[in-house]
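Structural overview for review
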Amino acid sequence: MVGRSTGAPGGTPPGAPDVVIVGAAARDVTADDPRGWRLGGGVSYGALTTARLGLRTAALVGVDGPAETAAELDLLRQAGVDVRLVPLRRGPVFANIERPEGRLQVCHERSDPIPLDVVPSAWYGAPGWILAPVAAELAEGWASVPDSAATVAVGWQGLLRDLIPGQPVRHLRPTSTAIVRRADLIGLSRDDVDRSIPLAELYRALRSGATLAVTQGDRGGLIADGREGARLHLRHYPAVPSHAIVDPTGAGDVFLAALAAARIEPRLVGGRIGQGLDLLLAAAAASLVLEGSGMLGVSSREAVRRRMAEGLARMAAE
């Protein structure tokens, strides 16, 4: 791993958050909001998720003009997130069309990059980072921003979109980049990559020992990890059913953020990462977000625990 080293003793340095999340806030086009859009993107959903799970959360949020005053940013602040806005001339805007064969995204606007020099000095020592691009707005230099000892999660699909305003999003073939190689945990929806690409090929883009989480909606997903020279280890995790689906947007972002939260702070699941409780936590959080409109579906730690209990009971019965 590469990155900035603070030389700080064990534990989170004074003034540093537990996790820093970086990305541009997307405006998702919708007819059921008077603005014509709702705020979303991995940075928005991810920051609200980690904060409500109890982690001290800081977020660098890229915003265009309309997004700068979005009410959803107050949800983050009310949850205790230290929000720092990064003004962008252009911010990402998408229309998400749900189809039986998978989601179709149409690009309405691309994003300007988020500069590297906007990170507050106290944040560099954070033990956890989530790099959550939605429109390739994070340049390769972001790979070296987290501390060398930090746990880094990456939302890979946000680096794999070829965006032309007015046209459907085209998915790029995954390649090994500095950000991808820095990731300890990397998330990807199967809808965001050519299904003919084998998981083993996807994993070769990562560094040895990293974890790849491939979400597959209500079918759960796959976790891949391995060491150099060893066979790739694959395991399936089941989805935790939602009670009623209101809005499918944001489930993958919430899953990755919750999984990263458990890896950054294992006490969230009593340290039982090896028993798969980190995956159950993430699946439960993703199940709940589907039941609300936009970011309103991101639930409390207590609600996630109750949904985890439901999941455990269901698995025991099956």
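Residues numbered from 1 in each chain as written. Predicted model: local features only at pLDDT ≥ 70, side-chain atom pairs only at ≥ 80, totals over all residues. Heavy atoms only, no water.

A look at the confidence of the model for the protein
Confidence in the prediction for the protein averages 92 pLDDT; 95% of positions are at 70 or higher. With pLDDT under 50 throughout, residues 1-10 is counted as low confidence; its partners more than four residues away or in other chains account for 25 contacts. (pLDDT = per-residue confidence, 0-100. Contact = heavy atoms within 4.5 Å.)

Structural notes on the sheet that holds strand β15 (residues 233-237)
Read from one edge of the open sheet, nine strands run β5-β4-β1-β8-β9-β12-β13-β14-β15, paired in mixed fashion. Two strands in the sheet have a free side with no partner beyond their single neighbour: β5 (82-87) and β15. Looking at each pair of strands side by side, their axes are set apart by 15° on average, direction ignored. Examined bridge by bridge, strand β13 (residues 211-215) and strand β14 (residues 221-225) share five bridges and lie antiparallel to one another. (Pairing = 2+ DSSP bridges. Helix = DSSP H or I, 4+ residues; strand = E, 2+ residues; numbered from the N terminus. Axes fitted to C-alpha atoms, helices over the stretch in contact; angles between N-to-C directions.)

A few points about the pairing of strand β8 (residues 128-131)
Judged by which residues are buried, β8 turns out to be covered on both faces: G128 and I130 on one side and W129 and L131 on the other are all buried. Pairing analysis gives four bridges linking strand β1 (residues 19-24) to β8, with the strands arranged parallel. The residue bridging V22 from the neighbouring strand is L131, located in β8. Here β8 runs beside strand β9 (residues 151-155); their pairing, made up of four bridges, is parallel. Considered in β9, the bridge of L131 is made with V154. (Buried < 20%, exposed > 50% of the residue type's maximum accessible area, 1.4 Å probe, protein only.)

As for the environment of T211
The residue T211 is located in strand β13 in this model. Residues T211 and A70, spaced 141 residues apart in sequence, show a C-alpha to C-alpha distance of 34 Å. In this view, T211 contacts D184, L185, I186, L206, I223, A224, D225 and R263; residues no more than four positions away in its chain are not counted. Side chain to side chain, T211 and R263 meet in a polar contact 3.5 Å long. (Polar contact = N/O pair within 3.5 Å; in protein donor to acceptor, adjacent residues only side chain to side chain.)

Remarks on the sheet that holds strand β3 (residues 37-40)
Taken together, four strands build an open sheet; the order of strands is β3-β2-β6-β7 and the sheet is mixed. A single partner strand is all that each edge strand has here, and the edge strands are β3 and β7 (104-109). Recorded for the sheet is a direction-independent mean angle of 35° between the axes of neighbouring strands.

Topic: helix α7 (residues 301-317)
Over its 17 residues, α7 runs 24 Å from end to end, which matches the ideal 24 Å to within 8%, given 1.5 Å per residue. Within α7, the full set of buried residues consists of A303, V304, R307, M308 and G311. One face of α7 carries all of its buried residues, which in axial projection span an arc of 140°. Among the exposed residues of α7, those oriented more than 90 degrees off its buried face are R306, A316 and A317. In this fold, the buried residues of α7 make contact with α6 (277-289). (Expected span 1.5 Å × (residues − 1). Arc of directions from axis to C-beta.)

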